[in-house]
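The lines below spell out each chain.
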Amino acid sequence: MVKKQISDSIETEELIQRFNRREESAFEYIYGLLYQDLLYFSIKLFHNSDLVPQDTIQDLFMKLWIGKHISFNSLEHIKAYMYTVSYTHLRAHETRRHL
């Protein structure tokens, strides 16, 4: 069991390193890993907004892909970042809409 945890830890660390280098396969894997949770969060968050959750998630991942200066230490950091930028994106959109 401990050996499996160490192996998983090494694989996760390698995945994060590959993600930080913007390797497409790692990026696609993490996108797939986080998409459903982010979609559920965004649907609840955007329920009174004209934003389309699926489009927003894709746009935010594209910005992350382009923002090569952004790097992470763990999957949890990536997930927290995506939740935060989703919320911030909605707040900014709603603020602009009400101006």
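Small disclaimer: the values here were computed from a predicted structure and weren't measured.

Secondary structure assignment for the protein chain yields four helices and zero strands. Contacts in the protein chain between residues far apart in sequence, at least 24 positions, make up 66% of those at least 6 positions apart. Here the protein chain has roughly 6,800 Å² of accessible surface; of this, 56% comes from carbon and sulfur atoms.

What follows deals with the packing of helix H2 (residues 24-45) against helix H3 (residues 53-66). Closest axis-to-axis distance for the H2/H3 pair is 10 Å, and the angle between their directions is 145°. Here H2 runs over H3; the crossing is right-handed. Contact residues: H2 offers Glu24, Phe27, Tyr31, Leu34, Tyr35, Leu38, Leu39, Ser42 and Ile43, while H3 offers Pro53, Gln54, Ile57, Gln58, Phe61, Leu64 and Trp65. Looking at the contact of H2 with H3 residue by residue, the classes come out as 12 nonpolar, three polar and one charged.

Moving on, we get to the nonpolar core. The biggest cluster of nonpolar side chains holds 19 residues, and the ones touching the most others in it are Phe19, Ile30, Phe61, Leu64, Ile78 and Met82. Those elements giving two or more residues to this core turn out to be helix H1 (2-20), H2, H3 and helix H4 (75-97). Examining the composition of this core, we find that seven residues originate from one element, H2, more than from any other. Leave out the neighbours within four places in its chain, and Met82 touches Leu38, Leu60, Phe61 and Leu64.

Okay, the packing of aromatic side chains next. The full count for this structure, using the stated rule, is eight aromatic pairs. Pairing Phe19 with Phe27 gives two aromatic rings, centres 4.8 Å apart and planes at 0°, and the pair type is stacked. Take Phe19: its relative accessible area is 0%, and that puts it in the buried class. Each residue in the set Phe19, Phe27, Tyr31, Tyr35, Phe61, Trp65, Phe72 and Tyr81 is aromatic and connected to the rest through ring pairs, giving one cluster. Lying across the ring of Phe19, Arg22 places its NZ or CZ 5.5 Å from the centre.

What follows covers the pattern of salt bridges. With the rule as written, the count across this model stands at three salt bridges. The salt bridge involving Glu23 is made with Arg18; its shortest N-O contact spans 2.8 Å. Among the ionic pairs, Arg21 bridges to Glu23, the shortest N-O distance being 2.8 Å. The exposure class of Arg21 is exposed, given its relative accessible area of 52%. According to the relative accessible area criterion, Glu23 is partly exposed, its value standing at 28%. When salt bridges with common partners are traced through the structure, they connect Arg18, Arg21 and Glu23 into a single cluster.

Once that is clear, we can look at the environment of Ile16. Relative to the assigned elements, Ile16 resides in helix H1. In sequence terms Ile16 and Ile30 are 14 residues apart; their C-alpha atoms lie 9.0 Å from each other.

So, how was this worked out
Residues numbered from 1 in each chain as written. Predicted model: local features only at pLDDT ≥ 70, side-chain atom pairs only at ≥ 80, totals over all residues. Heavy atoms only, no water. Helix = DSSP H or I, 4+ residues; strand = E, 2+ residues; numbered from the N terminus. Contact = heavy atoms within 4.5 Å. Areas by Shrake-Rupley, 256 points an atom, 1.4 Å probe, with all protein chains shown as cover. Axes fitted to C-alpha atoms, helices over the stretch in contact; angles between N-to-C directions. Left-handed = near helix turned anticlockwise from the far one by under 90°. Nonpolar A, V, L, I, M, F, W, Y, C, P; charged D, E, K, R; others polar. Core = buried A, V, L, I, M, F, W, Y, C linked by side-chain atoms within 4.5 Å. Buried < 20%, exposed > 50% of the residue type's maximum accessible area, 1.4 Å probe, protein only. Phe/Tyr/Trp six-rings, centres within 6.5 Å; stacked < 30°, edge-to-face > 60°. Lys NZ or Arg CZ within 6 Å of the ring centre and 35° of its normal. Salt bridge = Lys/Arg side-chain N within 4 Å of Asp/Glu carboxyl O.

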